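These are the residues of each chain, in order.
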Amino acid sequence: MRLLSVKNLGKAFQSFHSEWQRFARWFGIPMKPTEEYWALRHISFDAQAGEAIGIVGQNGAGKSTLLKLIAGTLHPTEGQVRTDGRIAAILELGMGFDSELTGRQNVSQAAGLMGFRSGQVRRILPEIEAFAEIDDYFDEPLRTYSSGMQARIAFAVATVSRPEILIVDEALSVGDAAFQRKCFRRIKDYQRKGTTLLFVSHDIETVKKLCDKALFIDKGQLMSFGTAKIVCDDYEKYLFGGKNGDSSVNGMTSPEGGTPAPAVYDPGLETKSGLYYGDGRATITEVWLENESGHKVNVIPSGEKFSIHYIVEVHRSLEDSIFAIMVKTREGVAVYGTDTTRVSCALNKINARSRVQVSFVLNNHLAPGVYYLNCGVRDDTQQEKVFLCRGVDVCIFKVVASSTSTALTGLVELDTEIHVRENPNADQ
């Protein structure tokens, strides 16, 4: 089902000798502008229900103008936009918010503008407050908020009910890692229910992982539209293939700036959005990571071993239980998962009211980046696998560049060696 159709869309910004001439044009009186700048022109594409479409391009390419035209906050100079259903847009942090009002007051006002009645606003306010997770700041003036707190409020209110079309323009890039993961989970859930996502980001890898298709826009023109990986590859070739004097490929650093860092614990990576579920026979009560020295960490240099630990409280006696972990990216892509069926581990009967510590020791071949952890205890003896308890996104950790790191991008550290020889056949 098609939810969005864009046909020959264009937007021109015009200047006139006087405001009277601009005013006259509103009444159909022909007035020639002194200047005319086309920010966008000849853009056409369709989006189906449940599709995620990434929009890539350099600053000033016209990405935000396109989103504003689709959202209806700008009117096109030519062409048309057809949408089916409600649109929720997060275009600019603080747009439509009053810095002197509290978060609660801004949310009430924004929800009213979205069409919610006063009774509905009262019902959804606790849900928005819980999702935003800014605690007492919810009743403080918006001018006291950080950009990340504004992002939390903006996303929470825009997505409190599922829109048919969700537009996100870089707003999530300022949020902390835990909240970003929480947002991506909601986005994925809405997509499964049929929401179309339009997502602008300068993070090419995120676009590849999150989106089905992508548009590449340059200087207001549509350069390519199609499968996300192919379009993103085209964009990267444009950026780093010598066609763009703004390219900084020779000055690239590692994702963490190339500075080796010791293993540490960063309280900013703690998550409040972990989910637990299961049939109640066991409960996971603690999850943590340690370095090789046995210190609790969540910031780990690439190449250094680390271990994942969790405590399981057993409520009913267990036999042949399976213990598992999974490491994922911020977008939910599984990087690595294993369990005690794949790794040799002596498992005995576990008595009721026991407390069990499960530990996985891993060689760290992850590239620098932020990762999320799932863990669980399972019963595979039935026809279908059943989780006694499963934790989703219960721990966040960051891999940082070490002195031996070679990865500039991607998910794995392949410990590369490079050999360059001049005139390789000269000695033959």
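Every value quoted in this text rests on a predicted model; they were computed, and no experiment measured them. (Residues numbered from 1 in each chain as written. Predicted model: local features only at pLDDT ≥ 70, side-chain atom pairs only at ≥ 80, totals over all residues. Heavy atoms only, no water.)

*Asks:* Would you explain the nonpolar core in this entry?
*Replies:* For soluble globular proteins, the rule of thumb is that nonpolar side chains tend to be buried together. Core analysis: the largest hydrophobic core is formed by 47 residues, its most contacted members being I153, L197 and F199. Looking at this core element by element, the count peaks at seven residues for helix α5 (residues 147-158). Excluding its chain neighbours within four sequence positions, the residues that come into contact with L197 are E51, A52, I53, L166, V168, I187, Q191 and L210. By size, the runner-up hydrophobic cluster in this structure holds 33 residues, among which are V314, I325, L373 and C389. (Core = buried A, V, L, I, M, F, W, Y, C linked by side-chain atoms within 4.5 Å. Buried < 20%, exposed > 50% of the residue type's maximum accessible area, 1.4 Å probe, protein only. Helix = DSSP H or I, 4+ residues; strand = E, 2+ residues; numbered from the N terminus. Contact = heavy atoms within 4.5 Å.)

*Asks:* Would you mind going over the confidence of the model for the protein chain with me for this structure?
*Replies:* Interpretation of the predicted coordinates at a detailed level should be avoided for regions scoring low in pLDDT. Taken as a whole, the protein chain shows an average pLDDT of 85; of its residues, 90% reach a score of 70 or greater. Ranking the helices and strands of the protein chain by mean pLDDT puts strand β14 (residues 306-314) first, with 96, and helix α1 (residues 19-26) last, with 70. Contacts from residues 242-261, a stretch scored under 50 in pLDDT, to residues over four places away or in other chains number 28 contacts. (pLDDT = per-residue confidence, 0-100.)

*Asks:* Would you mind going over the packing of aromatic side chains with me for this structure?
*Replies:* Note on aromatic pairs: each is described by the distance of the centres and the angle between the planes. Inspection of the entire model under this criterion finds 12 aromatic pairs. Between F45 and F225 the ring centres are 5.7 Å apart and the planes differ by 50°, which places this aromatic pair in the tilted class. Placement of F45 in strand β2 (residues 35-48) and of F225 in strand β9 (residues 221-227) is noted, with a sequence separation of 180 residues between them. For F45, a relative accessible area of 4% translates into the label buried. Note on F155 and F179: the rings are 6.5 Å apart at their centroids and 85° apart in plane angle, and the pair reads as edge-to-face. Of the two residues, F155 is situated in helix α5 and F179 in helix α6 (residues 177-192); the sequence distance between them amounts to 24 residues. Taking relative accessible area as the criterion, F179 reaches 2% and is therefore assigned buried. By the ring-pair criterion, three or more aromatic residues cluster together here, those being F131, F155 and F179. Above the face of the F13 ring, K11 is positioned so that its terminal group lies 5.4 Å from the ring centre. Note that K182 overlies the ring of F131, its terminal NZ or CZ placed 4.5 Å from the centroid. (Phe/Tyr/Trp six-rings, centres within 6.5 Å; stacked < 30°, edge-to-face > 60°. Lys NZ or Arg CZ within 6 Å of the ring centre and 35° of its normal.)

*Asks:* Which parts of the structure should I look at to understand the environment of R152?
*Replies:* Structurally, R152 is set in helix α5. Judged by its relative accessible area of 11%, R152 falls in the buried class. Counting along the chain gives 31 residues from R152 to C183, while the straight-line C-alpha distance between them is 9.0 Å. Apart from residues lying up to four places away in sequence, R152 is in contact with A132, E133, I134, D176 and F179.

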